[in-house]
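Now for the letters of each chain:
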Amino acid sequence: MIVGNLVAGLGGRSMTAFDALNRDIKRYKTMFYEQPAVKREMTYFLHKMPTVKSVDEVVEDPRLMKVMLTAFGLESQTFAKAMIKKTIVEGTTDPKAFARKIVDPKYRQLSAAFDFPNKGLANVKDEKWISDVLNQYVDNAMEAEIGETSPTLRLAMYFQRKAPKVQTWYEVLGDRALYEVARKIANLPEEIVKVDIDKQVQMFKDRINIGDFSNPTAMRGLLNKYMVRADTENPQVAAASSPALQVLQAAPMTGFGPIVTIDPTLFANFRPAR
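Calculation rules
Residue indices follow the written sequence of each chain, beginning from 1 at its first position. The predicted nature of this model means local features are confined to residues of pLDDT at least 70 and side-chain atom pairs, given and counted, to a pLDDT of 80 or more, with totals for whole chains, interfaces and linings taken over all residues. Only heavy atoms go into the side-chain values, all of them from the structure, while hydrogens and water stay out. Between buried and exposed lies partly exposed: a residue is buried under 20% and exposed over 50% of the maximum accessible area for its type, with that area taken using a 1.4 Å probe on protein chains only. Each helix is a run of H or I in the DSSP string that is no shorter than four residues. Each strand is a run of E no shorter than two, and both are numbered from the N terminus. Any two residues whose heavy atoms approach within 4.5 Å at even a single point are treated as in contact. Take the number of residues in a helix, subtract one, and multiply by 1.5 Å to get its expected span. Grouping buried Ala, Val, Leu, Ile, Met, Phe, Trp, Tyr and Cys residues that are joined through side-chain atoms within 4.5 Å yields what is termed a nonpolar core.

1. A short note on helix 14 (residues 176–185)
Item 1. Among the 10 residues in helix 14, eight count as buried, and that is most of the element.
Item 2. Burial in helix 14 covers these residues: Ala177, Leu178, Tyr179, Val181, Ala182, Arg183, Lys184 and Ile185.
Item 3. Buried-residue contacts for helix 14 involve helix 12 (151–162), helix 13 (169–174), helix 15 (197–207) and helix 16 (216–233).
Item 4. Of the residues flanking the end of helix 14, it is Asn187, one or two places downstream, whose phi is positive at about 60°.

Dropping the structure here:
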């Protein structure tokens, strides 16, 4: 909880913590993955994953599953071994593949990362592949820790990281976290979930330019709206905020912090965790 505790001390308003976190994101990520428990699981994954000989070995190993599924935002599915195996084995090319039938795009991302129908287990033996998965693990696990202190801040960090990659509103509607942030940005009520999906897409199009997700300045303004609205709905935060701070105004542009790249050689001197 090192990062979570630090975030808790950054101020009651989400925008304050968001700016501080982004200004020094590299240091926060380093502090997070250097925690003994985190590093132990990452080291285990680094050494164990290249040795597996079947998908069954992966899904039957709770430590591999925890890191892998957390990396793809599916940490709540560690118990669903058969479903995860099906997701990996069937790939994403066949229209009938399991991952293609699930609305949540995270399953397709997991399946595509393995590319099992074309490559078998070749990817899991590749250092770059493992490094990419571990980077995603750090992102999601750290955001989850932040969420224990501030769910609003966790969603803002997730949206900042994932939204620039989406190309259609259907992708946003398929991701519950992206959807929740976008809904608040658009100032739409929770009840719209009951509306036909095509009509929901049109509602979002009328209120938000999806192209703004890949524009850092525009994205900062959108996230300001989200965090102010979310904080206003939180009585503890709203009570501490002046009326002026509750107005939806864009804060000064601070830019986004650098992304930490985990070099596979980082753990070269470590022995596999037991």
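Having seen the structure, we can now continue with the description.
2. Some points on helix 12
Because each turn of an α-helix spans 3.6 residues, side chains separated by three or four positions in sequence point in the same direction.
Item 1. Its 12 residues give helix 12 an end-to-end C-alpha distance of 16 Å, which sits within 8% of 16 Å, the value for a rise of 1.5 Å per residue.
Item 2. In terms of burial, helix 12 is a largely internal element, nine of the 12 residues being buried.
Item 3. When we look at burial in helix 12, the residues that qualify are Thr152, Leu153, Ala156, Met157, Tyr158, Phe159, Gln160, Arg161 and Lys162.

3. Section: the nonpolar core
Item 1. Within the largest apolar cluster, 74 residues are counted, with the highest numbers of intra-cluster contacts made by Phe45, Met68, Phe159, Phe204 and Phe213.
Item 2. For this core, the element with the most residues is helix 11 (residues 127–149), which contributes nine residues.
Item 3. When near neighbours in sequence (up to four residues on either side) are disregarded, Phe159 contacts Pro164, Leu178, Val181, Ala182, Ile185, Phe213, Met219 and Leu223.

The values reported here are purely geometric and, on their own, carry no functional implication.
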